[in-house]
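Chains, contacts and geometry: an overview
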Amino acid sequence: MTASASPAGRPGVTRAAGRAPTSRGDPVVRLVTRLCLLAGLLALAAMLLFPHRGSVLRGVGLPDAWLLPTLVVLTFLAEITVVRLRHGDAVEALSLYEAALIIDVLLLPPHQALLAAVLGLVAALVVQRRPIVKILFNLGNFTAAVSALIVVTHAVGGAPGTLDARVLAGVLLGSIAFTTVNLVCMAAILSIITGESRLSIIRSEARLSVYMATGTLATGLTTAEIGLHAPLLLPFMAMPALAVTYAYRTAAQEADERARSARLLELSHALAERDDLERRFLHLVRDAFDVDLAMLVLDRADIALIADAQTPGELSAEPVPHHLAAVRDADTPTFVAQDLPDDIRQLVVVPLEAGDRRFGVAALAVRGRRTKLSTRELTLLAPLANALAAAMRGSEHLDRLIEETSKLHAVVEQSTEGIFMLDGDGRIQMWSRAIAEVTDIADAAAGGRRLTELLDVPDPDEYGRLLPVTADHPRATVEVTIRRPDGERRRLRLSHSAVFSGATLVRDVVVVRDMTREHRTERLKSDFIATVSHELRTPLTPILGYLHLLRTRGDRLAEQKRQNALALIADRAAHMSRLVEDLLLASRMGDADDDLTPHVSAGTHDLAAVVRQVVNDLGTPRIDVELPGHPVPAACDFDRALQVASNLIGNALKYSPETEDVRVRMRLDDDHVHVDVSDRGRGIPADQLEKVFEKFHRVEDPMTMSTSGTGLGLFISRRLARAMGGDVTVSSTLNVGSVFTLTLRRAEHAAAG
Ligand code: ADP
């Protein structure tokens, strides 16, 4: 073991010593001041205690005048032969300086040994351009330690001129004193910097110090002895030291390489993740190449992003410095030598290019004396810069993708057609606003659920239609009736477009159209045909029957019976004609109320007379009618008003039990006359009160189903009433009864209007 620990390389010390002393109150400055005082006292003691003492060992084949300068040079060389070893983030610097001190102390008289130690150290520190605080600390530390070494070695071992047991004991104890002083000084400064207690630092460093001291002692003693007795062997003595130094250097370089590889690996992860790309790239590259500055000058922004080793975790954005502005167009990796600022020793620049896209340049810079960058670094940096550019281009793609996706999302959300997407498991991945409205199932409730669990399909035969696609038929359109959570049924048309990988479903995009209306209209149409056929056939049967009777046995029938048969035929034929007229009228009606105007003639008629005639025509005792004793002139077409009133009263009779009366009353207000037709029938469900006025709508209840009808009466009545300037309205309570009201304008007001 020929190396010794030097405080110079310990990272904490380097940093602290590099910091300019700010005030006399700075604890580092205080410590250094005290240390220098102590060192001065110890040095004085070493010189005063043994003023005329010669060297411990004597007989080196060199003239006395040469010995001191030679050992000063040796000490200097030993100190600058530093090997730096990394321990994780810390750097341990090993030198032969302490071994040289042992040689100095053995071969020189005390005051000369002190001089050689101090001069060699100062020369090395100056050459290494150490900051002043650090020079003072090291000087104080080693002067104190070497003084202790000298005092103990001479006090115990004396100066017999040859190596005997006492000398050995003296050097041994001297080394212990040296190491102790050195360790205490180190602990003092490290505890200021790290805040750790001195004792714990001493404890953790003691073992290493003992190893170092042993190696140092052995090297120093052996070298001194060989120098005395076989100086020709001295170069051979240096060989193991050089070999070990070389081995350490290689090991240190390997450790550096490993650390760099680890950082580059981290960098490749960072590039792959594309998260916080520029910052991570700069920090990792700076640390991997162990440089002071890593910089990016991006074309898109006129700034330089700079990661500075002096502020390790930070990234600053600054206006592009002059020396970078000059090289920001570099299209090949380049060493920049011209126009560098004073504090920059080396600068390399590589372009950031991926395919035909260029993003700018990346640069590394080294401050201070040491050069750290060679073409090797440049060839490593170039592909990294390309990788960064590729990642940047990737994230541009990603940004574009995100933008496209959000546009698509907006389209999906604004589409009136419902859209949803299923994954390979049939689980919902996307559920648009429109589908949420149609199904009354919110996006939050749908996401991640299986479609087959989410939708309630009341008809078991239709359940299988929810997922109809196969690899052979990836597109399919099906119709399904679902029951919403609120109980309402909706008919949905699902148009599937699935993607398969082999036989495995990957994705299924489904466009949904609410077909409820169309479906109902379709059903109504077929119901209508059935109903109309039935309605037409019903009167036709008695007509044909009576015609047959009249034709075969007409002359034999009593006159009264013949008349009755003819009256019945006429009545049924009139009914049929009304029916046909209703159908024609309804088919002509568009959506606007005034579509009917051509079928309604304007005029003034006594509405009381209209109602009276309806009641007479219906000829049933179930109608309880109360009319004013005077005419009630209203703006109307007599026949159309008759048609409407007849429909309302007819419905009231039709949709209430035979045993219940139908009340017909007339109300007058300032402008209008109202005919209220009240019954005590089943009533109409609230949600159908408006629907009964739609074309062909019939309430689906047993009462309606057991009575004949087309679902056109109320539709036509309301349109006719509106065409006459009035309306038909309804109020109804289920299982209690309904009141249909025909409202028309009073004639005198209508005329005025
Ligand atoms: P139709 O009577 O030929 O079916 P309408 O248009 O006159 O056609 O009536 C539409 C529907 O309104 C009827 O099928 C019936 O279900 C309901 N409705 C009409 N009037 C009444 C009423 N007075 N009481 C209960 N339901 C009625």
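For the structure itself, look to the data block above.
Attention in this report is confined to the structure presented alongside it.

**Some words on the packing of aromatic side chains**
Enumeration over the complete set of coordinates arrives at four aromatic pairs. On the basis of an interplanar angle of 90° and a centroid distance of 5.0 Å, the ring pair of Tyr97 and Phe142 is categorised as edge-to-face. Within this pair, whereas Tyr97 is found in helix H4 (residues 97-107), its partner Phe142 is found in helix H6 (residues 132-157), the two being separated by 45 residues in sequence. Seen in terms of ring centroids, Phe693 and Phe740 are 6.4 Å apart; in terms of plane orientation they differ by 65°. Their pairing is edge-to-face.

**Points about the sheet that holds strand S10 (residues 418-423)**
One open sheet accounts for five strands, arranged S11-S10-S14-S13-S12; its pairing is antiparallel. Among the strands making up the open sheet, the edge pair consists of strand S11 (428-431) and strand S12 (475-483). In this sheet, adjacent strand axes meet at a mean angle of 25° when their direction is disregarded. The sheet contact formed by strand S13 (residues 489-501) and strand S14 (residues 504-514) spans ten bridges and is antiparallel. Each residue of the ladder has a partner; that of Leu492, found in S14, is Asp514. Sheet strands touched by helix H17 (residues 516-553): S12, S13 and S14. Its angle to S13, the strand with the most contacts, is close to 120°.

**A short note on the site of the ligand**
In the vicinity of the ligand lie 20 residues, with Asn651, Tyr655, Asp679, Arg698 and Leu714 positioned nearest. One nitrogen or oxygen atom from the main chain of Val699 is found 3.1 Å from an oxygen atom belonging to the ligand. Between the ligand and the protein, one listed contact pairs an oxygen atom with a backbone N or O atom of Gly711 at 3.1 Å. When the ligand is considered free in solution it has 530 Å² of accessible area, and contact with the protein chains removes 97% of it. Taken together, the elements giving at least two residues each to the shell around the ligand come down to helix H20 (638-654), helix H22 (713-723) and strand S21 (737-745).

**Describing the packing of helix H2 (residues 27-49) against helix H7 (residues 165-194)**
Following both chains from N to C, one finds H2 and H7 inclined at 165°, their axes separated by 10 Å at the closest point. Comparing the axis directions of H2 and H7 gives the class roughly antiparallel. For the element pair H2 and H7, the recorded crossing hand is right-handed. From H2, Pro27, Val28, Leu31 and Leu35 reach across to H7, where they touch Cys185, Ala188, Ile189 and Ile192. Residue composition of the contact of H2 with H7, by class: eight nonpolar, no polar and no charged.

Scoring rules and cut-offs
Residues numbered from 1 in each chain as written. Predicted model: local features only at pLDDT ≥ 70, side-chain atom pairs only at ≥ 80, totals over all residues. Heavy atoms only, no water. Phe/Tyr/Trp six-rings, centres within 6.5 Å; stacked < 30°, edge-to-face > 60°. Helix = DSSP H or I, 4+ residues; strand = E, 2+ residues; numbered from the N terminus. Pairing = 2+ DSSP bridges. Axes fitted to C-alpha atoms, helices over the stretch in contact; angles between N-to-C directions. Contact = heavy atoms within 4.5 Å. Near = heavy atom within 4 Å. Polar contact = N/O pair within 3.5 Å; in protein donor to acceptor, adjacent residues only side chain to side chain. Areas by Shrake-Rupley, 256 points an atom, 1.4 Å probe, with all protein chains shown as cover. Parallel < 35°, antiparallel > 145°, perpendicular 65-115°, else oblique. Left-handed = near helix turned anticlockwise from the far one by under 90°. Nonpolar A, V, L, I, M, F, W, Y, C, P; charged D, E, K, R; others polar.

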